[in-house]
Amino acid sequence: MPVDNDVYNHLSWWDDNQPFATLEAFTPPRFDYFHEVLTSRLGLDLTGQRMLDIGCGGGLLAERFARAGAQVTGVDPSGPSLKAAAEHARAEGLSIRYQEGFAEQLDFPDASFDLVYCCDTLEHVTDTSRAISEAVRVLKPGGYYLYDTINRTFRSRLGMIKMAQDWKSVRFAPKDLHDWNGFIKPAELHALFRTHGLHNEDLVGFASSRPPLELLRAMRSRARGEITYGELGRRFQLRVAKDTSVIYGGYARKVAP
C-alpha cells in the first residue's frame, strides 16, 4: 500500500523534537473521551480489566490505561516501536505486556479481552474488514471496542495529506505516513461493524479548538524549526467536537451470539 509504515521503525516516540510528539499531544483528549465513556457512561471499573491495544506504537494510550488500573496488552508490527514502548513503561514503573503482531492476525484465543481499542491504526492496515473481524474475535461477548481513525473527505485530504505531509512550508508529518485512499468514512466503518457483530454506540469528532489562522502560523513555525513537534501538537488543543470530517472516533459493543 502507498502508506510508508516503515517510518515507525525509525522515529522516536517520546522525544518532543520528533514528529510522533504531535501524537503524544493529541493523546489526552482521546483518552479522556474513552475514559469518560467507560467509567461514567458504562459504569465500568477499569481495575483489572483486560484491554488490548491494537497498533499500540510507542505506548501512548497504553500507559494511560495502565495508570487507570487496566491490564493492558499492546500489539504492533513495529519491533523498534515496541522496544521503545517497553523501555518507557519500565521507566514509568508500569506493567504493560507488549508483543509483535498485526491487526489482521492477532495471536490470542477467542474472547481473550474485556475491552479492545484501535486508535491511529485502521488507516494503516492492509485489510480493514479483517482487522475488525480479528478485534471482534478476541473480544468477549458484550465487550466494548473503542476506536478513532481518519475520515475520507476533502478536508482530510487538505489537512492530513497536503498540509501535514506534502507542503514544505507547513508540513509536520513524515511523507507518505497516510494515504487518503486508505481513510474510511464512518458509514463504511459502521457497515463493517455490523458485518462482524459490533453495534456502534457513539460517534464523535476530534478537532482543534484554535482558529485556523493561528494553527497555520503554528505549523509554519514548526516547519521553520522555531517550535518542537510536541509544542505544535499542544497548540492544536485537540478536543471532542461535533465535526467528524477529519478525525473521528467512538465505541461499539460486541453483540452476544
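Residues numbered from 1 in each chain as written. Predicted model: local features only at pLDDT ≥ 70, side-chain atom pairs only at ≥ 80, totals over all residues. Heavy atoms only, no water.

### Focus: the packing of aromatic side chains
For any two aromatic rings, the description comes down to two numbers: the centre-to-centre distance and the angle of the planes. Basically, it comes down to this: Stacked, edge-to-face and tilted are the three classes for Phe, Tyr and Trp ring pairs, Trp counted by its six-membered ring, which pair at centre distances within 6.5 Å; planes under 30 degrees apart are stacked, over 60 edge-to-face, the rest tilted. In DSSP terms, a helix is any run of H or I states spanning at least four residues, a strand is any run of E spanning at least two, and both are numbered starting from the N terminus. For the exposure calls, accessible area comes from a 1.4 Å probe over protein chains only, and a residue counts as buried if that area is under 20% of its type's maximum, exposed if over 50%, partly exposed in between. Put simply, a charge is over a ring when the Lys NZ or the Arg CZ is close to the ring centre, within 6 Å, and near the line of the ring normal, within 35 degrees.
Going through the model one piece at a time under the given rule, you end up with 13 aromatic pairs. With centroids separated by 5.6 Å and ring planes inclined at 85 degrees, the aromatic side chains of Tyr 145 and Phe 193 adopt a geometry described as edge-to-face. With Tyr 145 in strand 5 (residues 139-150) and Phe 193 in helix 6 (residues 186-195), the pair connects residues that are 48 residues apart, well separated along the chain. Here the two residues Tyr 145 and Phe 193 agree in accessibility, since each one is buried. Through pairs of rings, three or more aromatic residues link up here, namely Tyr 145, Tyr 147, Phe 193 and Tyr 248. Its guanidinium or amino end placed over the ring of Trp 180, Arg 157 lies 3.9 Å from that ring's centre, counting from NZ or CZ.

### Considering the sheet that holds strand 3 (residues 97-100)
The condition that has to hold: Two strands pair under a simple rule: DSSP has to find at least two bridges between them. Axis definition: a line fit to C-alpha positions, over the contact stretch in the case of helices; interaxial angles, taken between N-to-C directions, run 0 to 180 degrees.
With mixed pairing, the eight strands of this open sheet are ordered in space as 3-2-1-4-5-8-6-7. With one partner strand each, in any of the chains shown, strand 3 and strand 7 (238-241) form the two edges of the open sheet. Within the sheet, the average angular offset between the axes of one strand and its neighbour, ignoring direction, is 20 degrees. Pairing geometry for strand 6 (residues 198-208) and strand 7, over four bridges, is antiparallel. Paired with Ser 208 across the strands is Leu 238, a residue of strand 7.

### Considering the state of the cysteines
Here is the rule we go by: Note on terminology: disulfide denotes any pair of cysteine sulfur atoms within 2.5 Å.
Applying the stated criterion across every chain, the model contains zero disulfides. This cysteine, Cys 56, is not joined by any disulfide, and Cys 118 carries the nearest cysteine sulfur, 11 Å off. Judged by relative accessible area, which is 6%, Cys 56 ranks as buried. Of all cysteine sulfurs in the structure, the one in Cys 118 sits closest to Cys 119, which takes part in no disulfide; the separation is 6.9 Å. Cys 119 gets classed as buried once you look at its relative accessible area, which sits at 6%.

### Section: the packing of helix 1 (residues 21-41) against helix 8 (residues 229-236)
Selection criterion: Orientation labels follow simple angle bins: below 35 degrees gives roughly parallel, above 145 gives roughly antiparallel, 65 to 115 gives roughly perpendicular, and whatever is left gives oblique. Handedness of a crossing follows from how the near helix is turned relative to the far one, being left-handed for an anticlockwise turn of less than a right angle and right-handed for a clockwise one. Note on contacts: a residue pair qualifies if any of its non-hydrogen atoms lie within 4.5 Å across the two residues.
Across the interface, helix 1 lies against helix 8 with an axial gap of 7 Å and an inter-helix angle of 30 degrees. As the angle between them shows, helix 1 and helix 8 are arranged roughly parallel. Crossing of helix 1 over helix 8 shows right-handed handedness. Facing Ala 21, Thr 22, Ala 25 and Phe 26 of helix 1, the residues of helix 8 in contact are Tyr 229, Gly 230, Leu 232, Gly 233, Arg 234 and Phe 236.

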